[in-house]
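Observations on the three-dimensional arrangement
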Amino acid sequence: MSSEHFKYPVFGQVDYFKYNNVASQLASHTPSPSHSQELGAKKRTVDPIVTGTSVIAIKYNGGVVMGADTLLSYGSLARFNNIERMKKFGKSTIIGAGGEYSDFQNLSQVLDDLVVDDGCTDDGTTLSTTEIWNYIARVMYNRRNKGDPYWNSLVVIGHDNNKSFLGKVDLVGTCYQDNFIASGYGSHIALPLLRKAYKEDMTLDEAKTLIQDCLRVLFYRDARSSRFIQLSIANADGLVITEQIALDTDKWDSGDSAKKKKNQDGRKKKNNYRNDSTQVILEYGHNVV
Amino acid sequence: MMMDDLKLTALPEKEVPISHHRFEPYVDNGGTVLAVAGSNYCIVAGDTRMSDGGYGIQTRHYTKVFKLTDKCVIATSGMQADTIALRKRLDTQLRQYERDHGKSMSTPAIAQFLSNTLYHKRFFPFYTFNLVAGVDEDGIGCVWTYDAVGSHERVRFSSQGSGNQLIQPLLDNQVGKFNQQIVDGPRELSAEQALSLVKDAITSAGERDIYTGDFADIVTIDQKGVHFEKFDLKLD
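Notes on the structure in this doc start here. (Residues numbered from 1 in each chain as written. Chains lettered and ligands numbered in written order. Predicted model: local features only at pLDDT ≥ 70, side-chain atom pairs only at ≥ 80, totals over all residues. Heavy atoms only, no water.)

Brief notes about the packing of aromatic side chains
Under the counting rule described, the total for this entry stands at eight aromatic pairs over all chains. Between Tyr26(B) and Tyr127(B), the aromatic rings sit 5.8 Å apart at their centres with planes inclined by 45°, giving tilted as the arrangement. Of this pair, Tyr26(B) sits in the loop between helix H1 (2–5) and strand E1 (32–37) while Tyr127(B) is found in the loop between helix H3 (107–120) and strand E7 (128–135), placing the two residues 101 residues apart along the sequence. Tyr26(B) sits in the partly exposed class, given a relative accessible area of 25%. On the accessibility criterion, Tyr127(B) (30% relative accessible area) is partly exposed. A cation sits over an aromatic face here: Arg143(A) above Tyr150(A), 4.2 Å from the ring centre. (Phe/Tyr/Trp six-rings, centres within 6.5 Å; stacked < 30°, edge-to-face > 60°. Helix = DSSP H or I, 4+ residues; strand = E, 2+ residues; numbered from the N terminus. Buried < 20%, exposed > 50% of the residue type's maximum accessible area, 1.4 Å probe, protein only. Lys NZ or Arg CZ within 6 Å of the ring centre and 35° of its normal.)

Next up, the structure:
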């Protein structure tokens, strides 16, 4: 039965860090055959393998917008270029995931089952975004208690009963709500930008532009990010996850680089520049030509 | 032969296996809480900054003071995920108690109950630093201060968290009036004086402690109930 997924061992009876297994593993680097039999295949996310990077989201005057690129990395290798890292759950919730993608897929199954089971009760209610966010927080916290975390940071957006929701949960179960949230590298690069640019009562277009600008800056500096992104929107009209958008990253035409661009012929430009005595005088204070 | 003995580098002779990076289940999200009790009041303050364990701020609006009953609050700094789990445990148990007994648990009983709850996780502790504050059955202000595994003490005033080292000596001097033979006026602070002192204390912690700031929840507890107010701190 599908509810098997969310039965966790009784609190206090859990071998939190698999001491029975791990202690023996740590005792010697070459475990004896009996040990290795006991250990079997690796069953925990000890470190993430295939990873997604930042997710960012902001509230606007009628809903929430979230953005993430579509890249999955395998270490420093750009492994999968067109994977959706945002997924709908129920009628009013979208979750964006960073971190280990297989863990997110597993968690997605758990949540889909939760949504199906809730539908099967047929009591006319549906899971609200807040409820789903709370549930995820409990699952994530339980997994960290077992020393077997879902290695993700999850951004949860939604819109129900005319109220916007924006929250985040990470791999140890830290959970909070805010008007703007950025995960992963975004918490270093996008969050300061959002703090400066965010204002209440933004329009949808303003919010979309802000998210795209943040993702563009992330692409410039985060080596595990890509130029191909998707936006998710949750508002009174429902949920939308856009098609892939290619960010226009040709925004270098300012300052000196703009001058060079206007005159592609390097030698000619150099000559022009050197012959422009006014400019040289301005720069050096006397005519060196 | 001679070449064999010559060592050119300080590299270790044997290849040492790189110790594997292990999952770290604890994060310190920082924050400061403090409480001052008088004969008929109790004032609690907690900042609302939640750090990411390093220099980053995750949110500026995470409230550390949580109402348990009409006469009692818990103020918690440390790891936020553990705090939420601890709160949920206390809250469900206290609601159960209320249904069973037709009255809410007294503040001293809650204080002992928190100690038991923390000690039950002695060998995988909640990384939380708590104050239980409120008024007892007689309406007398009271504060309990804890460590992460349940050691506790009833006091007149206390602070916990990342700004503890900055605030506790201030309270010792200004509320406890330790080692002062001559004191102008009554030794006990009035509620108004305590409120003002508590605001100054948390503002001062915010000056030097990078994990304290943004806003403060100032909570006043007396016979009338629990009253929350917001107070601005530095945002940097």
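Quick notes on the sheet that holds strand E8 (residues 141–146) of chain B
Strand pairing in a sheet relies on backbone hydrogen bonds. The paired strands run either parallel or antiparallel. Residue and element names in this part refer to chain B. Here five strands make up an open sheet; going across it, the order is E5-E6-E7-E8-E9 and the pairing antiparallel. Of all the strands in the sheet, just strand E5 (65–69) and strand E9 (152–155) have a single pairing partner and so form its edges. On average, each strand axis in the sheet is inclined to that of its neighbour by 20°, with strand direction left out of account. Across seven bridges, the pairing between strand E6 (residues 72–78) and E7 is antiparallel. (Pairing = 2+ DSSP bridges. Axes fitted to C-alpha atoms, helices over the stretch in contact; angles between N-to-C directions.)

Section: the side chain of Ser159(B)
All names here are of chain B. Topologically, Ser159 is positioned in strand E10 (residues 157–161). A distance of 2.8 Å separates polar atoms of two side chains, one belonging to Ser159 and the other to Asn164. If we skip the residues at most four places from it in the chain, Ser159 touches Val33, Leu34, Leu131, Asn164, Ile167, Gln168 and Leu171. (Polar contact = N/O pair within 3.5 Å; in protein donor to acceptor, adjacent residues only side chain to side chain. Contact = heavy atoms within 4.5 Å.)

Quick word on the pattern of salt bridges
All names here are of chain B. Applying the stated criterion across every chain, the model contains 15 salt bridges over all chains. In this structure, Lys199 engages Glu229 in a salt bridge whose closest nitrogen and oxygen atoms are separated by 3.6 Å. A residue pair is termed long-range when its members are at least 10 positions apart, and Lys199 in helix H5 (residues 191–208) and Glu229 in strand E12 (residues 225–232) qualify at 30 residues. For Glu229, a relative accessible area of 26% gives the class partly exposed. Residue Asp217 is joined to Lys230 by a salt bridge in which the shortest nitrogen-to-oxygen separation is 2.7 Å. One end of the pair, Asp217, is in strand E11 (residues 215–222); the other, Lys230, is in strand E12, and 13 residues separate them in sequence. Classification of Asp217 by relative accessible area gives buried; the value is 3%. Overlapping salt bridges bring together Arg49, Arg60 and Asp214 as one network. (Salt bridge = Lys/Arg side-chain N within 4 Å of Asp/Glu carboxyl O.)

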